[in-house]
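Close look at the chain arrangement
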Amino acid sequence: GDSVTQMEGPVTLSEEAFLTINCTYTATGYPSLFWYVQYPGEGLQLLLKATKADDKGSNKGFEATYRKETTSFHLEKGSVQVSDSAVYFCALTSGGSNYKLTFGKGTLLTVNP
Amino acid sequence: DSGVTQTPKHLITATGQRVTLRCSPRSGDLSVYWYQQSLDQGLQFLIQYYNGEERAKGNILERFSAQQFPDLHSELNLSSLELGDSALYFCASSAPGGGRGSPLHFGNGTRLTVT
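Figured I'd write up the structure that's included with this text. (Residues numbered from 1 in each chain as written. Chains lettered and ligands numbered in written order. Predicted model: local features only at pLDDT ≥ 70, side-chain atom pairs only at ≥ 80, totals over all residues. Heavy atoms only, no water.)

1. Some remarks on the environment of B:S80
Residues and elements named next belong to chain B.
- Of note, S80 is situated in the loop between β8 (74-78) and β9 (87-94).
- On a C-alpha basis, the gap between S80 and R63 in space is 6.6 Å, while along the polypeptide they are 17 residues apart.
- Setting aside chain neighbours within four positions, we find S80 in contact with G16, Q17, R63 and D85. (Helix = DSSP H or I, 4+ residues; strand = E, 2+ residues; numbered from the N terminus. Contact = heavy atoms within 4.5 Å.)

Below is the structure:
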């Protein structure tokens, strides 16, 4: 079945540091890949997505590239802010008649001033 | 604001009881998904409905059931509750015809505490 593996947290960084959260996946067919973010007390929000190999998703300074050869979709940001503190989830949808998301376990990011 | 509304926000109940969680999807969305989030299991897909019909089932216990009504709102019923059912339950919806690249839009969740 489909699965997503992302690096275990928590990750603690200083403001303006470089962020990488690793994500690899196993899926049948050609999945679409997503990063969602969950701020404290809130639901998940879509951060970015990519639907085919070599696509780069980007939003709010975050970016991730769909790498089919390494089955990866690592999240990066060049300079994090305190407001980026949240839990980040890598997810995928694959083929079939439904489009349910399969999530990784999430990575807690804390950015200190 | 995602446009997905979940009620109640918090629910505290005793073991053995039954509760109902409610979800109103975004206007125009036909699909509703239910997820359970717990510290040990992460985000687990429970069930999906599309325009009133069950479309997919995930790790949903037999004590749990759901339905989607003609007005497209959905309810998740949890019965014979156990301590281990304590979790955050999320509802999400998606637009029709978007394919596998269509994102899900999540509500803020219902936090269930079973004592």
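2. Looking at the interface of chain A and chain B
- Contacts between the two partners involve 22 residues from chain A, matched on the other side by 21 residues from chain B.
- At the boundary of chain A with chain B, total buried surface from both sides reaches about 1,800 Å², with 55% on carbon and sulfur atoms.
- Inspection of the region where chain A meets chain B yields 0 salt bridges.
- At the boundary of chain A and chain B, one finds 4 residue pairs in polar contact (both at pLDDT 80 or more).
- For the side of chain A that touches chain B, the element with the most residues is strand β5 (residues 32-38) of chain A, which contributes 4 residues.
- Across the side of chain A that touches chain B, the residue classes break down as 10 nonpolar, 8 polar and 4 charged. (Buried area = accessible area lost by both parts, 1.4 Å probe. Salt bridge = Lys/Arg side-chain N within 4 Å of Asp/Glu carboxyl O. Polar contact = N/O pair within 3.5 Å; in protein donor to acceptor, adjacent residues only side chain to side chain. Nonpolar A, V, L, I, M, F, W, Y, C, P; charged D, E, K, R; others polar.)

3. Let's talk about the pattern of salt bridges
All names here are of chain B.
- This structure, assessed with the given rule, holds 6 salt bridges over all chains.
- Of the charged contacts in the structure, one is a salt bridge between R26 and D29, with a shortest N-O distance of 2.8 Å.
- Accessibility expressed as a relative area gives 24% for R26, which makes it partly exposed.
- One salt-bridge network, held together by shared partners, links R63, E82 and D85. (Buried < 20%, exposed > 50% of the residue type's maximum accessible area, 1.4 Å probe, protein only.)

4. Looking at the state of the cysteines
- Scanning the entire structure with this criterion turns up 2 disulfides over all chains.
- Disulfide pairing places A:C23 opposite A:C90 at an S-S distance of 1.9 Å. Torsion about the S-S bond of the A:C23 and A:C90 cystine: about -70°, corresponding to left-handed handedness. Of the two residues, A:C23 is situated in strand β4 (residues 23-26) and A:C90 in strand β10 (residues 86-93); the sequence distance between them amounts to 67 residues.
- A residue is classified by how much of its surface remains accessible, and A:C23, at 1% relative accessible area, is buried.
- In this model, B:C23 is linked to B:C91 through a disulfide, with the two sulfur atoms separated by 1.8 Å. In this structure, the disulfide formed by B:C23 and B:C91 twists by about -55° around the S-S bond and is classed as left-handed. Taken together, the positions of B:C23 in strand β3 (residues 19-24) and B:C91 in strand β9 put the pair 68 residues apart, joining distant regions of the chain. (Disulfide = S-S within 2.5 Å.)

5. Focus: the sheet that holds β8(B)
Residue and element names in this part refer to chain B.
- An order of β1-β3-β8-β7 is seen for the 4 strands of this open sheet, with the pairing classed as antiparallel. Of all strands in the sheet, those with a lone pairing partner are β1 (5-7) and β7 (64-68), marking the two edges. Taking each pair of neighbouring strands and ignoring which way they run, the sheet shows an average axis angle of 15°.
- Summarising the sheet, β3 and β8 pair through 5 bridges and their orientation is antiparallel. Bridging across to β8, V19 finds its partner in L78. (Pairing = 2+ DSSP bridges. Axes fitted to C-alpha atoms, helices over the stretch in contact; angles between N-to-C directions.)

6. Some thoughts on the sheet that holds strand β8 (residues 62-65) of chain A
Residues and elements named next belong to chain A.
- Spatially, 4 strands are ordered β3-β9-β8-β7 in an open sheet, and the strand pairing comes out antiparallel. Looking at the sheet topology across the chains shown, the edges are occupied by β3 (19-21) and β7 (56-59). Within this sheet the neighbouring strands show an average axis-to-axis angle of 15°, counted without direction.
- Sheet analysis places β8 next to strand β9 (residues 75-77), joined by 2 bridges and oriented antiparallel. Across the sheet, residue E63 finds its bridge partner in β9, namely E76.

Geometric descriptors of this kind do not, in isolation, establish any biological role.
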